[in-house]
Amino acid sequence: MEKLKCGVFKFTGCAGCQMEILRAEDALPQLLELIEITYWPMVTTKDWEEDLDVAFVEGSVSTPREIREVKEIRERSRILVAFGDCAVTGCIPSIRNFITQREAEKAVYPNPIWIESIGLRGISEYVDVDVSLPGCPPHRNTILEVVKGAVLKRRPYLRHHSVCVECKLKDNGCLLTEEKRPCMGPVTNAGCGAICPSLNRVCEGCYGPMSAPNAESMAQILLETGLTEEDVKRKFRKYAGWTPEYRKEAT
Amino acid sequence: MSERKINVDYISRVEGQGGIDLYVTRDGELRDAKVRIFEPPRFFEAFMVGRKYDELMELAARICGICPVSHEISALRAVEDALGVEVSEATKRVRKLMAMSALISSHVLSVYFLTLPDYFGGRDLIEVAGENPGLLKRGLELKRLGNDLTELIGGRSVHPVTAVVGGFTNSISKGDADAMRKRLIEAKSDSLETVDLFKELDIPEFARKCEHVAISRPDSYAINEGQLASTEGIYAPQREYRRFIKEDQVPHSTGKHSTVKERESFLVGPLARVNINFKQLSPDAREAAKSAGLRVPDYSPFRSPLARAVEVVHCINECIEILEAMPYHEEPVQVKIRAGDGYAITEAPRGVNYHHYTLNRGGITTKVDLVPPTCQNYRNMEMDLKELVPPILDLQDEEIAQRCQMLIRAYDPCISCSVHAIRIHEVK
């Protein structure tokens, strides 16, 4: 069987998603029998020459150069993966979309004229995406599932339900209904395995919105746990405030 | 003949997006050397204003996917400083355990995956592993050990979740602590062999004396807490960082350049730490360092990877000690919100990581000032290039470019971090 040609690209992000690929230590040696890393500047000096079967794009688009680059990657890749929250929703850095570009630049740089930056967006704003892999970072098992899908020529099985299902599967007590703590689990996309609630911390929503969340009702429930309206706005704005699902509650 | 320009468009095997530009005059003199940083800015210091004290560690973690632990702990300690919270000794120990676990994985990644291919003549570790399968295996296992320890404490290794203001949301069981301790004991020989590797490597003979800066304390190897110290005599509380260090924006870099006020550029990171805190290293780490050719103080940037390997030996030792006294069961300290300023410096794998927050009476930030390590090193990298390049200008452009990339890799820059690390002036 011919190996799948894979590339990993970094846009505006923190490299944590790339680190999570390297976290699949157990699977890496076998994985390399199925795929070939054709381009991944963080770990190899190889230049990008051949077109790709699978392109993982980590990070958001936030400069004109990145718009050009993401379009080129789209043209030269069979399967384009929006890899992690920044590529899917904009993640935490999208909080800055709620202040003006001018304000952000002036606040940070004495000479904003040297800076080339535009509003921060997920990559689907500019190109068609084949697979959206949410998470900050996406769990390594979901990364392997995407590769598996590509190898077997089928859609990857990714979850689109809420974190609550994962809590139930783990037999966790409910932090929201039993302890009245402000947990974002009911609207948050699963995939992490309910890491935070299992460790006595409420879900903060780092996998972005699940499919068709009821954000309005979630906001009401959060108020009932004792949060202020400003607190609720901050919760929705944190990981995916710029998405249509959360925009109203985040503004 | 026009001016000769040697450049690297996109430095590979480092985190983030940067390049190198060398300008050589017609007379064959190096006119300028620039480390060009084109990583897009993310404006953390702007959007972290207006956020609440209990989520700052979570936001700050996202500055960097390789050193999220250091950003979390800097943010937590700065917030605790502002609120006047004193955490327990047990919390301090677990935080140090977590910081060292991240240091181990980051350093091993840097040494094995980013640095060694240069010395073994491969484009990446996978190619090198063709002839040296042991290297890939050992590199993966040591990296995994660090990551697994972070995950044991924090739920996951990238952006861990259990460290909160006042303490931790959970604790490690005795069984897990013992199993991890056993793995660390077994890994000691691998860490010593990693240091030994450097005896065989053809490390470029290049040294340039410059100021080294790290945090320091007399009683232990400083990672999360200490005084700001330097080889040129700085010794001051962490809140006085800005009294000594200034930053300037330069046109060719989205990461700012730092200098010590009224002096020059400086170095932060493993080599600076080992030089300043050599006495506090564990005895076998000191012994290993000497036997592999580290001279203290050592001013060769090409021996930074060796300093990383030495720190891995030390961290494994200290992690074993801390785990011996596990488990700890404690609830996070209760917090009373008040207005104020808080400061903290931790040692990220790449060096001094300074956070400063101003909170209002509601515990909401009104000002955020962050200085991760890599931006503090940019100017020093350029100063090194300016001395490294002239004697090798008779080489082919490609060889010169390769040597320069090796230098930058020795710094192990974390470019994403550095570009989100710029001073903000008060917004409201």
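For clarity, every value in this text was computed on a predicted model and none was experimentally measured. (Residues numbered from 1 in each chain as written. Chains lettered and ligands numbered in written order. Predicted model: local features only at pLDDT ≥ 70, side-chain atom pairs only at ≥ 80, totals over all residues.)

Looking at the overall build of chain B
Within chain B, the secondary structure is distributed over 14 helices and 14 strands. For chain B, the C-alpha radius of gyration of 21 Å lies close to 22 Å, the compact-globule estimate for 428 residues. Each principal axis of the C-alpha distribution contributes one length, and for chain B these read about 70 × 55 × 35 Å. Residue burial in chain B is summarised as follows: out of 428 residues, 58% are buried. A fraction of 71% describes how many contacts in chain B between residues 6 or more apart in sequence connect residues 24 or more apart. (Helix = DSSP H or I, 4+ residues; strand = E, 2+ residues; numbered from the N terminus. Rg over C-alpha atoms; globule rule 2.2 N^0.38 Å. Buried ≥ 20, exposed ≤ 12 C-beta atoms within 10 Å, placed from the backbone. Contact = placed C-beta atoms within 7 Å.)

Structural notes on the domain arrangement of chain A
Residue and element names in this part refer to chain A. For chain A, the assigned domains read domain 1 (4-152) and domain 2 (163-250). Using C-alpha coordinates to define each centre, domain 1 is positioned 25 Å away from domain 2. Facing the 16 residues of domain 1 at the interface are 14 residues of domain 2. Taken together, the residues of the side of domain 1 that touches domain 2 break down into eight nonpolar, seven polar and one charged. (Domains from an automatic or database assignment. Nonpolar A, V, L, I, M, F, W, Y, C, P; charged D, E, K, R; others polar.)

Structural notes on the interface of chain B and chain A
Taken residue by residue, the interface counts 47 residues in chain B and 47 residues in chain A. When contributions to the side of chain B that touches chain A are tallied by element, the ones reaching two or more residues are helix H1 (44-47), helix H2 (56-61) and helix H6 (133-154) of chain B. Residue classes in the side of chain B that touches chain A are distributed as 20 nonpolar, 15 polar and 12 charged.

A closer look at the packing of helix H7 (residues 174-200) of chain B against helix H11 (residues 304-324) of chain B
All names here are of chain B. Put simply, H7 and H11 touch, their axes get as near as 9 Å, and they point 160° apart. Between H7 and H11, the crossing angle belongs to the class labelled roughly antiparallel. Seen from above, H7 lies across H11 with left-handed handedness. In this structure, H7 uses Ala177, Met180, Arg181, Leu184, Ile185, Ala187, Lys188, Ser191, Leu192, Thr194, Val195 and Phe198 to contact H11, whose residues at the interface are Leu306, Ala309, Val310, Val312, Val313, Ile316, Cys319, Ile320, Leu323 and Glu324. For the contact of H7 with H11, a count of residues per class yields 17 nonpolar, two polar and three charged. (Axes fitted to C-alpha atoms, helices over the stretch in contact; angles between N-to-C directions. Parallel < 35°, antiparallel > 145°, perpendicular 65-115°, else oblique. Left-handed = near helix turned anticlockwise from the far one by under 90°.)

Quick notes on the sheet that holds strand S3 (residues 52-58) of chain A
Residues and elements named next belong to chain A. Across the sheet, five strands lie side by side as S2-S1-S3-S4-S5; this open sheet has parallel pairing. Lying at the two open borders of the sheet, with one neighbouring strand each, are strand S2 (35-39) and strand S5 (131-133). Adjacent strand axes in the sheet meet at a mean angle of 25°, parallel and antiparallel pairs treated alike. Examined bridge by bridge, S3 and strand S4 (residues 77-83) share six bridges and lie parallel to one another. Residue pairing across strands places Ala55 opposite Leu80, the latter belonging to S4. Together, strand S1 (4-10), S3 and S4 form the strand contacts of helix H3 (residues 64-75), whose direction differs from that of S4 by roughly 135°. Strands in contact with helix H6 (residues 140-152) are S1, S2, S3, S4 and S5; relative to S5, the strand with the most contacts, it is inclined by about 165°. (Pairing = 2+ DSSP bridges.)

Focus on the nonpolar core
Among the nonpolar cores identified, the biggest contains 208 residues, and Val57 and Val81 of chain A together with Val79 and Val310 of chain B are the most heavily contacted of them. Per element, the largest residue contribution to this core is 15 residues, and it comes from helix H4 (residues 89-120) of chain B. Counting the residues that make up this core, at least three belong to each of domain 1 (4-152) and domain 2 (163-250) of chain A. The contact partners of Val57 of chain A, leaving out residues within four places of it in the chain, are Phe9, Phe11, Val70, Ile73, Leu80, Val81, Ala82, Phe83, Ala87 and Ile123 of chain A. (Core = buried A, V, L, I, M, F, W, Y, C linked by C-beta atoms within 7 Å.)

Observations concerning the sheet that holds strand S13 (residues 351-359) of chain B
Strand pairing within a sheet occurs via backbone hydrogen bonds; the two strands may be parallel or antiparallel. Residue and element names in this part refer to chain B. Spatial ordering of the open sheet is given by S12-S13-S14, a layout of three strands whose pairing is antiparallel. Edge positions in the sheet fall to strand S12 (340-348) and strand S14 (365-371), since each has one partner strand and no second. For this sheet, the mean angle separating the axes of adjacent strands, direction not counted, is 10°. The pairing of S12 with S13 spans nine bridges and is classified as antiparallel. Residue pairing across strands places Tyr343 opposite His356, the latter belonging to S13. In the packing of helix H3 (residues 68-83) onto the sheet, the strands contacted are S12 and S13, and the crossing angle to S12 comes to about 150°. The strands touched by helix H12 (residues 373-388) are S12, S13 and S14; relative to S13, the strand with the most contacts, the crossing angle is about 125°.

Things to note about the packing of H4 of chain B against helix H13 (residues 397-411) of chain B
All names here are of chain B. One can describe the packing of H4 onto H13 by two numbers: an axis separation of 10 Å at closest approach and a directional angle of 150°. Between H4 and H13, the angle falls in the class roughly antiparallel. The hand of the H4/H13 crossing is left-handed. Of H13, the residues touching H4 (which contributes Leu114, Thr115 and Asp118) are Met406, Arg409 and Ala410. Here the residues of the contact of H4 with H13 sort into three nonpolar, one polar and two charged.

With respect to H4 of chain B
Counting along an α-helix, one turn takes 3.6 residues, and residues three or four places apart therefore face a common direction. Residue and element names in this part refer to chain B. If you check H4, its first and last C-alpha atoms are 44 Å apart, about what 32 residues at 1.5 Å a residue would give, namely 46 Å. Approximately 30° is the largest bend angle found in H4, and it occurs at Leu114, with the proline Pro117 only one to four residues beyond. Immediately beyond the C-terminal end of H4, within one or two residues, lies Gly121, with a positive phi of roughly 70°. (Expected span 1.5 Å × (residues − 1). Bend = angle between axes of the 7 residues up to and from the residue.)

Notes on the environment of Pro251 of chain B
Residue and element names in this part refer to chain B. Tracing the chain through its elements places Pro251 in the loop between strand S9 (245-248) and strand S10 (257-260). Exposure remark for Pro251: the 10 C-beta atoms within 10 Å place this residue in the exposed category. For the pair formed by Pro251 and Leu125, sequence separation is 126 residues and the distance between their alpha carbons is 35 Å.

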